[in-house]
Amino acid sequence: MKDISYYCNKMNIDLNDNQLSQLDTYMNMVIEKNKVMNLTAITEPEEFQLKHYADSLSILTTNYINPESTMIDVGTGAGFPSLPIKIARPDIRLTMLDSLNKRIRFLDEVIAALSLKNVETIHARAEEGGRSPKLRDHFDIAVSRAVADLRILAEYCLPYVKVGGVFISYKSDNIDEELRLSENAITRLGGKLEETISFTLADSDINRRFVIIRKVKPTPKAYPRKPGTARKEPL
């Protein structure tokens, strides 16, 4: 079976036995909890390790995760991509935010089971958290693997990023039109498209792209707008 150690070897990512054990425990907890709670449609272990773990960890092949970075995962769901990143890079300080408290309680169980340090979970909608003085302009990196238009994700995520930091969105590879349509929103929210990085998950036909948006000035106080507005009326 191709497992995460196989995929990490393909990406030149080094994980020790404890980290591999943590990932195994995490996967088993997700699959077990998924029997009573909708966390993922992917429950076959080999597919899980490719589409959740290898995909999440592929960000480590870029130059954007610096030692002791502060990171927020907006709309973290079952913990992807940020918990695999935290397991592989225990030096980062991680905040995981989700609107569903049941998911947050599950993530707290995982964090305790894996004895992870410097991880915080927050139950809040993205728009609410983005207006919190504790969270706004606070993070070196915001990540999101959520399925939403980049205009919406930028409004959700850029308020959390400090000037000079980055918002990194996990996307499919066919997003040229989406990128074009998002230019105005990114600018209005204080961001600038820095680059996109295309990659293919090892031994698969899954083509992905990271969209790297640099925060170049503070997000105006008007953003994020009231919950639900970004989806109904994208910038």
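A few points on the structure. Here the structure is a predicted model, which is why all the values come from computation and not from measurement.

### Some remarks on the nonpolar core
Core analysis: the biggest nonpolar cluster contains 51 residues, and Tyr26, Ile59 and Ile168 have the highest contact counts within it. If one sorts the elements of this core by residue count, helix H5 (residues 101-114) sits on top with six residues. The residues touching Tyr26, leaving out its near neighbours within four places in the chain, are Tyr53, Ala78, Gly79, Phe80, Leu83, Pro84, Ile87, Val110 and Leu114. With 30 residues, the next largest nonpolar core counts Ile122, Ala124, Tyr156 and Ile186 among its residues.

### Section: unusual backbone geometry
Following Phe80, the chain continues to Pro81 via a peptide bond in cis, the omega torsion being 10°. For Pro81, the location among the structural elements is in the loop between strand S1 (70-74) and helix H4 (82-88). Of the consecutive residues Tyr223 and Pro224, the connecting peptide bond is found in the cis state with omega at 0°. Mapped onto the secondary structure, Pro224 falls in the loop between strand S7 (207-215) and helix H9 (229-232). Residues other than glycine seldom take positive phi values, yet Asn118 does so here, at roughly 55°.

### Remarks on the side chain of Asp55
Mapping Asp55 onto the fold places it in helix H3 (residues 45-57). Dropping the residues within four chain positions of it, Asp55 is found in contact with Leu50, Arg145, Tyr170, Phe199, Leu201 and Arg208.

### So, the pairing of strand S5 (residues 161-172)
In terms of strand pairing, strand S4 (residues 139-144) meets S5 through five bridges, oriented parallel. Bridged to Phe139 within S5 is Val161. Viewed along the sheet, the connection from S4 through helix H7 (residues 150-157) into S5 turns out right-handed. One ladder, built from seven bridges, connects S5 with S7; its direction is antiparallel. Note that in S7 the partner of Val166 across the bridge is Arg214.

### Section: the sheet that holds S7
Here seven strands make up an open sheet; going across it, the order is S3-S2-S1-S4-S5-S7-S6 and the pairing mixed. Either end of the sheet is taken by a strand with one partner, and the two such strands are strand S3 (119-123) and strand S6 (191-200). The average undirected angle you get between the axes of adjacent strands in this sheet is 20°. Against the sheet, H5 engages strand S2 (93-98) and S3, with an angle of about 165° to S3. This element, H7, spans S1, S4, S5 and S7 of the sheet and lies at about 145° to S5.

### Some thoughts on the pattern of salt bridges
Under the defined criterion, the tally for this structure stands at 18 salt bridges. Asp55 is the salt-bridge partner of Arg145, the closest N and O atoms lying 2.7 Å from each other. Taken together, the positions of Arg145 in the loop between S4 and H7 and Asp55 in helix H3 put the pair 90 residues apart, joining distant regions of the chain. One salt bridge in this structure joins Arg208 and Asp55, with 2.8 Å as the shortest N-O distance. With Arg208 in strand S7 and Asp55 in helix H3, this residue pair connects regions lying 153 residues apart in the sequence. For the pair shown, Arg208 and Asp55 are each scored as buried.

### Comments concerning the packing of helix H1 (residues 4-11) against H3
As a packed pair, H1 and H3 sit with axes 9 Å apart at the nearest point and diverge in direction by 35°. Both H1 and H3 take part in a crossing whose hand is right-handed. The segment H1 lies against H3, with Ile4, Tyr7, Cys8 and Met11 engaging Glu46, Gln49, Leu50, Tyr53, Ala54 and Leu57. For the contact of H1 with H3, the per-class residue count stands at eight nonpolar, one polar and one charged.

Cut-off values and rules
Residues numbered from 1 in each chain as written. Predicted model: local features only at pLDDT ≥ 70, side-chain atom pairs only at ≥ 80, totals over all residues. Heavy atoms only, no water. Core = buried A, V, L, I, M, F, W, Y, C linked by side-chain atoms within 4.5 Å. Buried < 20%, exposed > 50% of the residue type's maximum accessible area, 1.4 Å probe, protein only. Helix = DSSP H or I, 4+ residues; strand = E, 2+ residues; numbered from the N terminus. Contact = heavy atoms within 4.5 Å. Pairing = 2+ DSSP bridges. Right-handed = clockwise from strand over helix to strand, strands pointing away. Axes fitted to C-alpha atoms, helices over the stretch in contact; angles between N-to-C directions. Salt bridge = Lys/Arg side-chain N within 4 Å of Asp/Glu carboxyl O. Left-handed = near helix turned anticlockwise from the far one by under 90°. Nonpolar A, V, L, I, M, F, W, Y, C, P; charged D, E, K, R; others polar.

Remember, this is a structural readout, not a statement about activity or role.
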